[in-house]
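A closer look at the structure
Spelled out from the first residue to the last, the chains are:
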Amino acid sequence: MASVHESLYFNPMMTNGVVHANVFGIKDWVTPYKISVLVLLDEMTISKRMTLLERRRLNKLILPLQQGPDLTLRHFLKTVEECSAETAFAVKLRLHMMVVGELKDMESFFDTLPNPFSDAESEASKTSVVGLFMRHMLLAYNKLSFSQVYKLYTALQRYYDDCLGSQPGPPTAPPVDADMELSEMELTSTEDGAEGKMDKEDDEAPRRCPLSQKQAEYFLARQAYLLKNDENKALKPAALQEELNNMLKFNPDFAEAHYLSYLNSMRVQDVFISTHSLLHYFDRLILTGGDGKSNGDEGYGRSLRYAALNLAALHCRFGHYQQAELALQEAIRIAQESNDHVCLQHCLSWLYTLEQMKGSDSSVLTEDSVKMAAHFGLPYLASLGIQSLVQQGATGGKAANMLMDALKDTDILHWKHSLSELIDISLAQTTSIWRMYGKSTMALQCAQVLLNMNSLEQVDFGVQQNNTEAFAVVLCHLAELHAEQGLFGASSEILKHLKERFPPHTQHAKLWMLCDLKIQFERAMNDGKYHLAEPHVAAIAALDQMEGLYRKGLVMKAQNQTTDAYRVLQRLQLLCEKTKCTEMIIRVMLTTAELHWESSGFSTALPLLLQALVLARQHHLQALASETILHLAFSQLMLGVPEQALNILHEAMEPILAHGALLDKGRALLLVAKCQMAVSGGREDRRTGLEQAVQTLDEAAAYFSRMGCKDRLRDTHYLQARLHHALGHTAQRNECALLFRMVDQELPPARYGLPDG
Amino acid sequence: GQANHNVARAVGFGDLVQIKKQLISVISLCKERGLVHSVKWASELAFALKPLPMSELPPPAPLTEEDVEDLDALGLAKSYFDLKEYDRAAYFLRGCRSKKAYFLYMYSRYLSGEKKKDDETVDSLGPLEKGQVRNEALRELRVELSKKHRTGELDGFTLYLYGVVLRKLDLLKEAVDVFVEATHALPLHWGAWLELCNLITNIEMLKSLSLPDCWIRDFFLAHMYTELQMIKEALQKYQSLIEAGFSKSTYIISQIAVAYHNIRDIDQALSLFNELREQDPYRIENMDTFSNLLYVRSMKPELSYLAHNLVEIDKYRVETCCVIGNYYSLRSQHEKAALYFQRALKLNPRCLGAWTLMGHEYMEMKNTSAAIQAYRHAIEVNKRDYRAWYGLGQTYEILKMHFYCLYYYRRAHQLRPNDSRMLVALGECYEKLSQLSEAKKCYWRAYSVGDVERMALLKLAKLHEQLNESDEAAHCYIIYIQDIFSCGELLEHVEVSTALRYLGQYYFKNKRYDEASLCAQRCCDYNDAREEGKALLRQISQVRDQGEASSADVSLPCVFGSLSNNNTPVRRVSPLDLSSVTP
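Looking up chain B in an unreviewed UniProt entry gives the name Cyclosome subunit 8, with the organism given as Scleropages formosus. The UniProt entry for chain B carries this comment under Pathway (unreviewed entry): "Protein modification; protein ubiquitination." Its UniProt record gives chain B a comment under Sequence similarities (unreviewed entry), which states: "Belongs to the APC8/CDC23 family."

As annotated in an unreviewed UniProt entry, chain A carries the name Anaphase-promoting complex subunit 5 and comes from Scleropages formosus. Word for word, the UniProt comment on chain A under Sequence similarities (unreviewed entry) is "Belongs to the APC5 family." Turning to chain A, the UniProt record has this under Pathway (unreviewed entry): "Protein modification; protein ubiquitination."

Rendered as structure tokens:
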């Protein structure tokens, strides 16, 4: 608090009540660290004996040293030493001479500094990066008053002594006092944890030099970039906030820090601080932008519009839809009044996003938005709109070729404008759509394309832009696809990788958490370990309500709580119809049909299944359609028309074998075998029919054993044994019976499968 | 001195002579130690009491062996100290052993550090380093003082200094404890109480402290209540102090005036300030508050006189600049006003009132961006400055960002939950955003907490009117008219006539012709509603001629049924009861 007061000393640069953020027109000033860098640069220009390799290493070092925050001398020397031990020693020596000497040593250093400028051959020519930096420093140094120069010199001495105290230097404070102080501090911190700690940090502060404007800008840009592209590498939220507070303490006018603080508190879902920081940022921005023009493209009228828009976005992210709508209306009104079409366009795209989030149909709005964006030449917004439209179209059952065409068109746009972020999203979206349609091979391919693509964006700060949501989505799909094929090792490898890339507290972590839970749930269910699956239900429900409800129904059904399961499924169906989630509706129908089977209501299941089939075909959901056909065939089989069942099964077999999950393949083959047995029942060619069935069963058993689905494996073996018995293959029969016996012993004594044909 | 302080605890207000004696002795103690502000406070208070006869004058504090030893060094150091050569003073005091010399030694070191810090700020290496400048002496002082504190060697004055050092290091909790200890050791030293006052943030904290039982505690409590906006309690305390015999004290008068200003009782405050200026014509303190009051009442000549007077006394004082700023603002010369507020800030950047006032000026000049900056500065100095939050809200409202300004109004409302102005502002914003139910709540709440501008009810009534909730609207109008007439002021005739007009129509529709004609007659008292009033009267007589009975027995529906479920006691008014409110 106190320091804030101090920073409000009257400012000579205040004009018309506005203090400009860059008060003295100096972006940089001399600090002891900067002197060390200058010494290094000087040393590099003077010394001729340096090897080429060393020189190259040092040259690579220059830019980070110039831009980065001030380092301690020890750290600085260590960095230099890694490149060239000799130079590091020379720098240290020169600094030592300066420190143990007098003020005039520093003065004379700055006097000789500009020498290389006159030399045209020199690397430090006036216009080079190095030369510019040196000139900046000289300028800043020459502006210092005598007392400031003296202060700088003592600061340099302290800087040197703090790190290399072993060298003789001016005497430090008597150690007794320091001890006393330490114990005193500890005393405080035990008395009152929070305050004591704050005090400690406060005392640490002078050792951490304040950032100059340039350094601060660099710091903010870097952190913001990392937050967007790779959250892991950014500072932890608490540490970042501390840095920002520190920066704002030194310069309350540094508006960008408020914005970063907004982003940072969004990470931890802190609505209070994020609102506060956002508004503060725009309050400050209005000042720096403002030449009183309230309507033009520039000036603070513009930032007012974007302030309202950003507030809307904030409320949107926190799910305050009503508030978001109000803020958005305001932004739209102001933008309209000042004829700012670009801002309006942004508003429009937020509007449809908001509508979508609220769950209402916004495709008309989105289409309008796309048209307008194309008209005003805003490729980013246009293709974002198209992607959103594609998503809506995909869930709404639009023709697949149209969607793919649209995506292809946007891809052209992306490559033309190098919108690498959107390219990623587009690929991830394609993956999801293929997956939804049940084309696992295509999905797999798309996912691989994205993962193997080199990002267009230049690699900044050593971060590849690959920790975005698109990558998380694709990796999750990949994990699920592998799990479907029974490659659980690979899938858990992928999940492990996801965990490392997106640690649990980061914003995209929910994606893999859900994916992980689903896979575990499926495995537990297939194993018949329902008690293991049950705890996952609650966890899934926490991440995705509908999915959770569905899984709850599944577990209940498996545990024979038919009535409860039916009630849950009914509730879920209502919910789905409200949110128009077709996939889930079909799945619920299938599960309901299964419930009907349990009560032998095979004929009552038929209308449901037909309805599901129509829906699935309408929405091009091939996997679900095939599954529905399997269900239909089973019902027909049970109703005593196996010929019909076999007929329609042929239709479904091809896609299932091509794209389906292992489990589905096995189930389909098992069903085929059953039908074959049923069909061959009364005829002469019974034997060939049965032999066919045996072959089919062999195949099914292979799939089931790969999935580790013991329940079904047991049924299959049983059938195999029976068939072999009927065919008179005693040896094979005994073998199958043994296998059956082994599996049966592993499984808990449970109800036996449905009566076999 | 110690003996005196022990007596102090026992003395009540009955014994003014004792109090005076104590004041005189503490004045000399503080004077020797260079604590000028405490000297001033005690002297002002002593001046308000009757002079003592020669025989009653307290003897000077007895000298100890050590005091005598240090006498010369102390004299020399004190003279350097008075000349603001703190390092020099400290140098000559370094070997002294007496308590007095020790205090002055430490105090000089502290002040030297403060002075250097202020100088450094101008001379720092870069703008971002400004926040880093600190009083380098503080840490050393803290270490030394805490050592002595543990062994119990500190007297009242050094305890006070220790507290100040702790506060400057932001160790607020420890500082409070030390200041409480200081007040116990030396209750008469006002400086310690004042420091304590700045550190106490709420009433619970105040209650939890164990303070010495001394007459000076009442002064402290009264001051504290004013700071915590508990104006009623503060006024009670001050009243009892006046009755106890301090009626002539300018300090108390000024404090009461400020208290009245805080609760917007402008007349009382004005008369007290006038009295203050009569007694103490060259006083500059608190005159900025006085000028605020004059400004609110638009008393141009008085404000102009005050400004001239203060400029003659001392034109380089923050208060003077604020007064001049207010003066120009009242004359609508906003550029000049802003200039003077800037000057006030130049003189003391910590003066938060000036930031807010400057914001208001920029608002008047329609320089919204500068206004926002000024308000933001005010908030940075003091996050709890509700006027700055309110001002920010107003700025955005002017920019027609009604949703955006809600946040700022809400902050202001949080800080002053019982101030109707914020609630009305919130209500207006909600109305603009078509959030009518929220708006209704705000207006009703504004009325319930005591509406200052008497606009809330009217707005509420109009809102009900808009929503065709005629019963509620009528009831609001009734209460509004009651309110306006009961306070005897006739401010806005337009609005009263609007209310009467609506009520007339309302009663007419409900076939209560007696009330309707009463309202219509009242309407005729106003120019803008006269015609309508007459028309209504004609209509009524027409209907009556047709022999339609007035349905007086139909009782009005419970108008506030929907609103009074929060158990707010509502003044139930008989709608007929308009006879007493003849304008």
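**Remarks on the overall build of chain A**
The number of helices and strands found in chain A is 37 helices and zero strands. A total of 757 residues make up chain A; the buried ones form 51% of that total. For chain A, the proportion of contacts with a sequence separation of at least 24, taken over those separated by at least 6, is 63%. Surface accessibility of chain A: about 36200 Å² in total, with carbon and sulfur atoms responsible for 56%.

**What to know about helix H27 (residues 470-486) of chain B**
An α-helical turn contains 3.6 residues, so a residue and the one three or four places further along point in the same direction. The end-to-end C-alpha distance of H27(B) is 24 Å, a good match for the 24 Å that 17 residues give at a rise of 1.5 Å each. Counting buried residues in H27(B) gives 14 out of 17 residues, a clear majority hidden from the surface.

**Let's talk about the environment of A:Asp111**
Residues and elements named next belong to chain A. Turning to its location among the elements, aspartate 111 is positioned in helix H6 (residues 103-112). On the basis of relative accessibility, which here comes to 56%, the residue aspartate 111 falls in the exposed class. Each C-alpha atom, one on aspartate 111 and one on leucine 138, is 9.0 Å from the other, the two residues being 27 residues apart in sequence.

**Let's talk about the confidence of the model for chain A**
Residue and element names in this part refer to chain A. Across chain A, the average pLDDT comes to 78, with 82% of residues at 70 or higher. Per-residue pLDDT stays below 50 along residues 1-25; that stretch engages in 59 contacts with residues further than four places along the chain or on separate chains. Of the regions scoring below 50 in pLDDT, residues 752-757 engages in eight contacts with residues more than four places distant in sequence or in other chains.

**Quick look at helix H9 (residues 172-185) of chain B**
For H9(B), which comprises 14 residues, the first-to-last C-alpha distance of 20 Å matches the rise-based estimate of 20 Å (1.5 Å per residue) to within 8%. Listed in full, the buried residues belonging to H9(B) are B:Glu174, B:Ala175, B:Val176, B:Val178, B:Phe179, B:Val180, B:Ala182 and B:Thr183.

**Section: the pattern of salt bridges**
Residues and elements named next belong to chain A. In the structure shown here, the tally under the stated rule is 44 salt bridges over all chains. Aspartate 405 is paired through a salt bridge with lysine 408; the nearest N and O atoms lie 3.8 Å apart. With aspartate 405 and lysine 408 both in helix H21 (residues 400-417) and three residues apart, the pair spans about one turn of that helix. Ionic pairing is found between arginine 567 and aspartate 564, a salt bridge with its closest N-O pair at 3.4 Å. With arginine 567 and aspartate 564 both in helix H29 (residues 562-579) and three residues apart, this pair spans about one turn of that helix. Here the salt bridges do not stand alone but share partners, grouping Glu522, Glu547, Arg551 and Arg587 into one network.

**Considerations on the confidence of the model for chain B**
Residue and element names in this part refer to chain B. Looking at chain B, the pLDDT average stands at 82 and 87% of residues meet or exceed 70. Per-residue pLDDT stays below 50 along residues 1-10; that stretch engages in 17 contacts with residues further than four places along the chain or on separate chains. Predicted complex, confidence summary: ipTM 0.71, pTM 0.72.

**Describing the UniProt feature "domain: Anaphase-promoting complex subunit" (unreviewed entry) in chain A**
Under the UniProt annotation, the feature "domain: Anaphase-promoting complex subunit" (unreviewed entry) is placed at residues 258-357, 456-498 and 596-653 of chain A. For the annotated span residues 596-653 of chain A, helix accounts for 84% and strand for 0% of the residues, and the straight-line distance between the end C-alpha atoms is 24 Å.

**Some details on the packing of helix H7 (residues 137-150) of chain B against helix H8 (residues 156-168) of chain B**
Residue and element names in this part refer to chain B. The contact between H7 and H8 brings their axes to 10 Å, and the two run at 135°. Taken together, H7 and H8 sit at an angle that is classed as oblique. You can see that H7 and H8 cross each other, and the crossing is left-handed. Judged by residue contacts, Leu138, Leu141, Arg142, Leu145, Ser146 and His149 of H7 engage Thr158, Leu159, Leu161, Tyr162, Val165, Leu166 and Lys168 from H8.

**Examining the packing of aromatic side chains**
Residue and element names in this part refer to chain A. Using the criterion set out here, one finds 38 aromatic pairs over all chains in the structure. With centroids separated by 3.7 Å and ring planes inclined at 5°, the aromatic side chains of phenylalanine 110 and tyrosine 141 adopt a geometry described as stacked. In this pair, phenylalanine 110 is assigned in helix H6 and tyrosine 141 in helix H8 (residues 129-142), connecting sequence segments 31 residues apart. The class for phenylalanine 110 is buried, based on a relative accessible area of 3%. On the basis of relative accessible area, tyrosine 141 is assigned to the buried category, the value being 6%. Measuring from ring centre to ring centre gives 4.9 Å for tyrosine 281 and phenylalanine 282, while their planes differ by 70°; the resulting arrangement is edge-to-face. With relative accessibility at 13%, the residue tyrosine 281 sits in the buried group.

**A word on unusual backbone geometry**
Residues and elements named next belong to chain B. In this structure, aspartate 170 takes a positive phi of about 65° despite not being glycine. For aspartate 170, the position within the fold is in the loop between H8 and H9. Phi is positive for asparagine 286, which is not a glycine, with a value near 65°. In this fold, asparagine 286 is placed in the loop between helix H15 (266-279) and helix H16 (287-296).

**A few points about the packing of helix H5 (residues 85-100) of chain A against helix H9 (residues 146-163) of chain A**
Residue and element names in this part refer to chain A. Taken N-terminus to C-terminus, the directions of H5 and H9 make an angle of 130°; their axes are 10 Å apart at the nearest point. Relative to H9, the element H5 is oriented oblique. By crossing handedness, the relation of H5 to H9 is classed as left-handed. Taking contact as the criterion, the partners of Lys92, Leu95, His96, Met98 and Val99 in H5 are, on H9, Tyr153, Leu156, Gln157 and Tyr160.

**So, the nonpolar core**
Counting 229 residues, the largest nonpolar core has B:Tyr110, B:Trp215, B:Phe219, B:Phe220, B:Tyr396 and B:Tyr404 as the members making the most contacts within it. For this core, the element with the highest residue contribution is H27(B), accounting for ten residues.

**Section: the state of the cysteines**
Residues and elements named next belong to chain B. Under the definition given, this model contains zero disulfides over all chains. Here cysteine 321 is not disulfide-linked; the sulfur of cysteine 322 is the nearest cysteine sulfur, at 7.0 Å. Residue classification places cysteine 321 among the buried residues on the basis of a relative accessible area of 0%. According to the relative accessible area criterion, cysteine 322 is buried, its value standing at 3%.

Procedures and definitions
Residues numbered from 1 in each chain as written. Chains lettered and ligands numbered in written order. Predicted model: local features only at pLDDT ≥ 70, side-chain atom pairs only at ≥ 80, totals over all residues. Heavy atoms only, no water. UniProt positions renumbered as here; feature names shortened; annotations may be inferred. Helix = DSSP H or I, 4+ residues; strand = E, 2+ residues; numbered from the N terminus. Buried < 20%, exposed > 50% of the residue type's maximum accessible area, 1.4 Å probe, protein only. Contact = heavy atoms within 4.5 Å. Areas by Shrake-Rupley, 256 points an atom, 1.4 Å probe, with all protein chains shown as cover. Expected span 1.5 Å × (residues − 1). pLDDT = per-residue confidence, 0-100. Salt bridge = Lys/Arg side-chain N within 4 Å of Asp/Glu carboxyl O. Axes fitted to C-alpha atoms, helices over the stretch in contact; angles between N-to-C directions. Parallel < 35°, antiparallel > 145°, perpendicular 65-115°, else oblique. Left-handed = near helix turned anticlockwise from the far one by under 90°. Phe/Tyr/Trp six-rings, centres within 6.5 Å; stacked < 30°, edge-to-face > 60°. Core = buried A, V, L, I, M, F, W, Y, C linked by side-chain atoms within 4.5 Å. Disulfide = S-S within 2.5 Å.

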